[in-house]
Structures are given as C-alpha cells and as structure tokens.
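Remarks on the overall topology
These are the residues of each chain, in order.
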Amino acid sequence: MRPLGYDVDDNATRFSNYFHVLRELVHLTNGWMPLEPSWERKYALGDHVHDDARALTKIKRRLYELRHPSEYPGSPSPALAELLDRMANATSAQEYLTVAYTSAKPALVRAMRLHLDTLDPVADEPSLRLLTQIVERQERHTERHGRFDADIGALPVQLRTEPRELRILSPLDEPLRDDFVEVTESGDPYLSRDLYVNGAENHVPVEREEQQHFFHGLMDAELSAAELMARNSHEHPEMPWDFHVDMARQNWDEVRHARLHDLLMKDELGCAWGDFPVGFSYFKSIYAYDLLGRLCLFNGTSEQRAMWRHSHRRKTLMELGQERVALVFDYLLADEVPHVRNGVRWGSYLLGGSERAYRDKVRELRAELDETGAPASA
Ligand SMILES: [Fe+2]
Ligand SMILES: [Fe+2]
C-alpha cells in the first residue's frame, strides 16, 4: 500500500516553510559572501546561492499549483522565525555560515526527507519529483555538517500577520580576500591600461609572465563581479523574484570564471592565487552607484565592452596556437551575453519598462568614464 500522503493544504504549508528558509538563505548568503575571505568557500557560496534560488523558483511554482500564494505564502511561525532570526542576526560571515550550514540547511533536508517518505507518490507526483531534485542538492551542500531533529515542514503558517522583513547588512566597505592575498590601493602595478582598452591599441597578453599577471587580475575581477551581483540582490529585496534568480545565476557564473582562471594559473601558467597584489578601486567606484547605475556601468558597459576584448584575445591566441588559453575566452564571451542582458532587463525595469530610457542612461553614465571603463575622475 502506498502512503496516504498529505492533504493539499498541509502539503502547501510544508512548501511555505521551505520557501521561508530558502528565501532567507538566498538573501543572507548574498549579503555575507563578499565578507567571506576564503576563495574556496566563496566559490561554494556562489554555487549554492544559485541552487537555492532555482529551488525556490520551483517551490513557488508548486505553491501556485497547490492554489496558495506563491509571492508570499503567509508568515513563518514563531518556531521557524526563531531559526530564521538566528541566521539574520549573525554578526560575522563565520557565524552566519555556521547557522546556515549546521541548522537551516539540515532542517530543510530533514523536512524534505520526511515529506518524501510520507507523500502519496501518485497523487502528489509533482512534489515527489521536485523534492527529489532539491533534497539531493541540499544534501550535497551540507555533507560534512550537522543534522537537525525537528520537522520544520509541519510548522503552521501565519496568514494574518505582517510579512517578515529581510534584514539588510550595512553597506560594504570592501570585499575580503584570503589573508595570503595582498590588497593594495592600486592593485597589481604590472597590469597596464592597454590590456583593457578596446580597438587597435588593445594589447593581448601572449607571453607567460604577462599572462600570469593578467589571469591573476582577471580572477580577482571575476570575484568582484560575483560580489557585486550578490550585493545587488541582497540590498534590493524589493525587486521581483526573477531579478534575484538572474543575480544568483550571474554570481555563480562569475565564481566559475574565477575557478577557470585559478585552474589555468595552476595547470598552464605556473602561478597561483595570491602571487600578486589585488586592488578594489574599480569595485568601489561601481559599488558607490545605486542599483541602476551599477547595472548601466557594470553590466551595460564593462561587460559589454569586455565581449569585444574576449573575442579579440581569443582570435589572437588561436593564431599563436595557444588553444587552451584561447578557449577560456570563448566561454567568458558566451557567458557575457546574458550578463549584458541582465543590465538591459533590470535597468529597463527600474526605468518603467523602457529599454530606450536605459540605453540613454547608459550613454549618460558612460560619458563619465575613461577609455578603460574606469571613472575618469579616479
Ligand atoms: Fe566573468
Ligand atoms: Fe560577467
């Protein structure tokens, strides 16, 4: 005999509880990620935040199918709020990660496993498929970490209370790097401006020594890009859910790019993360803008212009027979297309849906930049 399963309302209540845990995990992981110094953990956070955002999208869809509000399915019970508050009130990245990975994620895994054991696999096959996918990923996130005894899925949802507010961390001063990485005002002095201009003047790094410095600087730039997207999402909980999914995807893409450069340095170039200094002046110049300005200048300008350079670099390196290095640029270029698109999509959204107003704004803000894309005043 197959299990009797949950009725539709109890089923939706369970998904509502997962909604709250994942919503807060996405929001807070984005907030703390730039303040996690370890490159390996930073990578994992970029990866997990993207998994969590996609999981939440699917859960929202299931809530809708179960005829429950998918934008905000009622507030969490005091017992769940207690767990969420422990995450929200953390005062360091370390403290947040401890609660997230030894309580919140294990609580999700435990509740989803119980859910899977209890549901009717025929009447509720959509939940079976969905939870099977999500729980496996969550288990991978928490492999070496704690377990959780209570079933948070069974907690009631409060229908007639104010929506739960998401805590926003104070603005970033600058992101953190592993302590073996030297951070200086101007970054790596080896990196010259002709590496970053478009057009005939552009210099493609072809010698080993210049490639070492170039990819090291690029790895740091990818991390900064991931951190900027993380903060765009974290600092703007009022934006539509799809915005957060796009930011989470780009966050993951950028840490994947950083990983690609990390491996290229180790395997092909004979250098490693931390061999040269890095600097945050470009990051800070973009971070100082509001969301619209960041989208115009980072996604709409920096990434848009980088596309030309990536394809130029690829072509030059292919001609020299440096296939491995050239292929890196092929993938960077491919991923840049949706990143530029994120600027158009959400910049236009912020301007009342007008793509034209966004293009005008990009033009206006670009006028303040020098030919490498850095603010002319800096
Ligand atoms: Fe990138
Ligand atoms: Fe990008």
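Bear in mind that the values here come from a model prediction, so they are computed numbers and not experimental data.

1. Points about the nonpolar core
- Leu 25, Ile 59, Met 87, Tyr 96 and Phe 215 are the most contacted members of the largest nonpolar core, which totals 77 residues.
- Every residue in contact with Met 87, bar those within four places of it in the chain, is listed here: Val 21, Glu 24, Leu 25, Leu 28, Tyr 96, Val 99, Ala 100 and Ala 104.
- Ile 286, Leu 292, Leu 297 and Tyr 358 belong to the second largest nonpolar core, which has 22 residues in total.

2. Observations regarding the coordination of the iron ion (ligand 1)
- Looking at the iron ion (ligand 1), the protein donor atoms are Glu 222 (OE), Glu 254 (OE) and His 257 (ND1), and they sit 2.0 to 2.2 Å from it.
- Ordering the donors of the iron ion (ligand 1) by residue number gives the pattern E-x31-E-x2-H.

3. Remarks on helix α7 (residues 241–269)
- Taking 1.5 Å of rise per residue, 29 residues should cover 42 Å, and α7 covers 41 Å from first to last C-alpha, within 8% of that figure.
- At the exit of α7 stands Gly 270, carrying a positive phi of roughly 65°.

4. Things to note about the pattern of salt bridges
- This structure, assessed with the given rule, holds 34 salt bridges.
- Between Lys 361 and Glu 364 there is a salt bridge; the shortest N-O distance is 3.5 Å. Of this pair, Lys 361 and Glu 364 both sit in helix α11 (residues 355–366), separated by 3 residues, roughly a single helical turn.
- Look at Lys 361 and you get partly exposed, because its relative accessible area is 24%.
- The exposure class assigned to Glu 364 is partly exposed, which follows from its relative accessible area of 45%.
- Each member of the salt-bridge network shares a partner with another, and the members are Lys 42, Arg 177, Asp 220 and Glu 227.

5. Some thoughts on the coordination of the iron ion (ligand 2)
- Ligation of the iron ion (ligand 2) by protein atoms is provided by Glu 254 (OE), Glu 303 (OE), Glu 336 (OE) and His 339 (ND1), these donors lying 1.9 to 2.3 Å from the ion.
- Going along the chain, you hit the donors of the iron ion (ligand 2) in the pattern E-x48-E-x32-E-x2-H.
- For the pair the iron ion (ligand 2) and the iron ion (ligand 1), the metal-to-metal distance amounts to 3.4 Å, and Glu 254 bridges them. In this pair, Glu 254 sits in helix α7 while Glu 336 sits in helix α10 (residues 323–350), placing the two residues 82 residues apart along the sequence. There is no split in this pair, since Glu 254 and Glu 336 are both buried.

6. Remarks on the packing of aromatic side chains
- Considering all chains together, one arrives at 11 aromatic pairs under this definition.
- A ring pair is formed by Trp 39 and Tyr 43, whose centres lie 6.0 Å apart and whose planes are at 75°; its orientation type is edge-to-face. Residue Trp 39 and its partner Tyr 43 are located together in helix α2 (residues 39–65), separated by 4 residues, close to a single helical turn.
- The buried category is assigned to Tyr 43, whose relative accessible area is 15%.
- The interplanar angle of 65° and the centroid separation of 5.5 Å between the aromatic rings of Trp 346 and Tyr 349 together place this pair among those described as edge-to-face. Within this pair, Trp 346 and its partner Tyr 349 are both found in helix α10, separated by 3 residues, close to a single helical turn.
- What makes Trp 346 buried here is its relative accessible area of 4%.
- Residue class for Tyr 349 comes out partly exposed when judged on its relative accessible area of 41%.
- The rings of Tyr 196, Phe 214, Phe 215 and Phe 329 are connected pair by pair, giving a single aromatic cluster.
- Taking NZ or CZ as reference, Arg 256 lies 4.9 Å from the ring centre of Trp 252, over its face.
- The side chain of Arg 259 reaches across the aromatic face of Tyr 43, ending 5.2 Å from its centre.

Thresholds applied
- Residues numbered from 1 in each chain as written.
- Chains lettered and ligands numbered in written order.
- Predicted model: local features only at pLDDT ≥ 70, side-chain atom pairs only at ≥ 80, totals over all residues.
- Heavy atoms only, no water.
- Core = buried A, V, L, I, M, F, W, Y, C linked by side-chain atoms within 4.5 Å.
- Buried < 20%, exposed > 50% of the residue type's maximum accessible area, 1.4 Å probe, protein only.
- Contact = heavy atoms within 4.5 Å.
- Donors = N, O, S within 2.8 Å, 3.2 Å for Na, K, Ca; no water.
- Helix = DSSP H or I, 4+ residues; strand = E, 2+ residues; numbered from the N terminus.
- Expected span 1.5 Å × (residues − 1).
- Salt bridge = Lys/Arg side-chain N within 4 Å of Asp/Glu carboxyl O.
- Phe/Tyr/Trp six-rings, centres within 6.5 Å; stacked < 30°, edge-to-face > 60°.
- Lys NZ or Arg CZ within 6 Å of the ring centre and 35° of its normal.

All we've got here are geometric facts, nothing functional implied.
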